[in-house]
Amino acid sequence: MFSGKKSLCALAAVLVAVLASTHFFAWSQTPRQIPAKQDSKPVAMQGKQTFASTCASCHGLDGRGGERAPNIAESPKAQRLSDTQIAHIIENGIPGTGMPAFHSLESSNIKTVVTYLRTLQGAKKPVKLPGDPQRGETIFFSKTGCSSCHMVAGRGGFIASDLSGYARTHDVEQIRNAITSPPNGDHQARMVTATTRIGEKYEGRIRNEDNFSLQLQTLDGTFHFMAKSDLEGLEYSSQTLMPSNYGSILSTNELNDLVSYLMSVANASTSPSAVPQKEFEEE
């Protein structure tokens, strides 16, 4: 009987050994999950590397263009595009031009490219709004009369520059100084009254001029092409289009509100369907 117990113990030992070896084999064949390696590169470095590998061959390492693509670092048209618009162009390209689509880039990589492009454009880091943009909107469209000349986000006048993206490339102090201390400017920054030889008068702003002709835009946005030989005279206003008294008629808080409104409009995202693609590709 004692020998029978020995046999049972030996058999048990063999079974344990077999089960243990089987379990080890199965464990060794099971794929082990290796933690994904985290990319520790800063966003700026990722954007720079992606820009260098995908964009620089045409636009240059500094984004200032070359023989095959325009300057997207210094071009006001490219600077006015929102981050959403630029990302849409990178991902989908511009049909009929030399700008290809980069569908292989992940959205996170595209965002880093846009961020790096902003550094090439000299864009400043986001700053806190100095005032209330809603009050600033009221000031822009009522108290100051800015909207009678300037357009913002599709609203306003035609005779002066569109300010929709102005704050994207100008900081708070630059915007405030442009409001309170505008430059005197040249003749094209002044209103002019053109009188033809048959007595017609047109008041507006000269957009283009050469030795023989000029193009004048009236306050309603209409362009008039005139030969100088048909003109009786041109009378320039003594005042520039931009009033110089905003520093006295607006309080500090109102100026801050107005600046905040321009900043909020410039930083607002625009839907990809409204992307003005030609502005990115053409100078």
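The structure displayed is predicted, hence computed values, not measured ones.

### Focus: the sheet that holds strand β7 (residues 231-240)
Alright, step 1. The five strands lie next to each other as β6-β5-β4-β3-β7, forming an open sheet whose pairing is antiparallel. Since the sheet does not close on itself, it has two edges, and those belong to β6 (223-227) and β7, each with one partner. Across the sheet, the mean angle from the axis of one strand to that of its neighbour is 40 degrees, orientation sign disregarded.
Alright, step 2. Across four bridges, the pairing between strand β3 (residues 190-196) and strand β4 (residues 201-209) is antiparallel. Across the sheet, the residue bridging to threonine 195 is lysine 201, located in β4.

### Here we look at the packing of aromatic side chains
Alright, step 1. If you walk through the whole model with that rule in mind, you get four aromatic pairs.
Alright, step 2. With a centroid separation of 6.2 Å and 70 degrees between ring planes, the pair formed by phenylalanine 141 and tyrosine 261 is classed as edge-to-face. With phenylalanine 141 in helix α7 (residues 133-143) and tyrosine 261 in helix α10 (residues 252-267), the pair connects residues that are 120 residues apart, well separated along the chain.
Alright, step 3. Aromatic ring contacts, followed pair by pair, group Phe140, Phe141 and Tyr261 into a single cluster.
Alright, step 4. The lysine or arginine in question, arginine 155, covers the ring of phenylalanine 141, its NZ or CZ lying 3.9 Å from the ring centre.

### Some points on the confidence of the model for the chain
Low pLDDT marks stretches whose predicted atomic positions should not be read closely.
Alright, step 1. Averaged over every residue, the pLDDT of the chain is 80; residues scoring 70 or more account for 77%.
Alright, step 2. Per-element confidence in the chain is highest for α7, whose mean pLDDT is 95, and lowest for helix α1 (residues 2-29), whose mean pLDDT is 46.
Alright, step 3. Predicted confidence is poor over residues 14-40, with pLDDT under 50, and the contacts of this stretch with residues over four places away or in other chains come to two contacts.
Alright, step 4. Ignoring residues within four places in sequence, the model shows residues 269-275, a span with pLDDT below 50, making 11 contacts including any to other chains.

### Some details on the pattern of salt bridges
If the charged atoms of two oppositely charged side chains come close together, the side chains can form a pair.
Alright, step 1. Tallied over the full model, the rule gives nine salt bridges.
Alright, step 2. When the shortest N-O distance is used, the salt bridge between arginine 135 and aspartate 257 registers 3.0 Å. Here arginine 135, found in helix α7, pairs with aspartate 257, found in helix α10; they are 122 residues apart in sequence, far enough to count as distant.
Alright, step 3. Classification of arginine 135 as partly exposed rests on a relative accessible area of 47%.

### Description of α7
Alright, step 1. Taken together, the buried positions of α7 are Gly136, Ile139 and Phe140. Down the axis of α7, the sector holding all buried residues measures 95 degrees, keeping them to one side.
Alright, step 2. At its buried positions, α7 is contacted by β1 (151-152) and α10.
Alright, step 3. Capping of α7 at its N-terminal end is provided by aspartate 132; its side-chain oxygen lies 2.8 Å from the backbone amide nitrogen of glutamine 134.
Alright, step 4. Backbone geometry just downstream of α7 places glycine 145 in the positive-phi region, at approximately 75 degrees.

### Digging into the pairing of β6
Alright, step 1. In this sheet, β6 lies alongside strand β5 (residues 213-218) in antiparallel orientation, the contact comprising five bridges. Residue pairing for β6: leucine 214 is matched across the bridge by methionine 226.
Alright, step 2. Hairpin connection between β5 and β6: a loop of four residues separates the two successive antiparallel strands, and glycine 221 in this loop has a positive phi of roughly 95 degrees.

### Focus: the side chain of threonine 144
Alright, step 1. By the secondary structure assignment, threonine 144 is in the loop between α7 and β1.
Alright, step 2. A polar contact of 3.3 Å, which involves the side chain of threonine 144, links it to the backbone nitrogen of cysteine 146.

### Topic: the packing of helix α5 (residues 83-92) against helix α6 (residues 107-120)
Alright, step 1. The geometry of α5 relative to α6 is characterised by a closest axis approach of 10 Å and an angle of 120 degrees between their N-to-C directions. For the element pair α5 / α6, the angle class is oblique. For α5 against α6, the interelement crossing comes out right-handed. Note on element contacts: α6 touches α5 through Ile110, Val113, Val114, Leu117 and Arg118, opposite Asp83, Ile86, Ala87, Ile90 and Glu91.

Reading the values: the criteria
Residues numbered from 1 in each chain as written. Predicted model: local features only at pLDDT ≥ 70, side-chain atom pairs only at ≥ 80, totals over all residues. Heavy atoms only, no water. Pairing = 2+ DSSP bridges. Helix = DSSP H or I, 4+ residues; strand = E, 2+ residues; numbered from the N terminus. Axes fitted to C-alpha atoms, helices over the stretch in contact; angles between N-to-C directions. Phe/Tyr/Trp six-rings, centres within 6.5 Å; stacked < 30°, edge-to-face > 60°. Lys NZ or Arg CZ within 6 Å of the ring centre and 35° of its normal. pLDDT = per-residue confidence, 0-100. Contact = heavy atoms within 4.5 Å. Salt bridge = Lys/Arg side-chain N within 4 Å of Asp/Glu carboxyl O. Buried < 20%, exposed > 50% of the residue type's maximum accessible area, 1.4 Å probe, protein only. Arc of directions from axis to C-beta. Polar contact = N/O pair within 3.5 Å; in protein donor to acceptor, adjacent residues only side chain to side chain. Parallel < 35°, antiparallel > 145°, perpendicular 65-115°, else oblique. Left-handed = near helix turned anticlockwise from the far one by under 90°.

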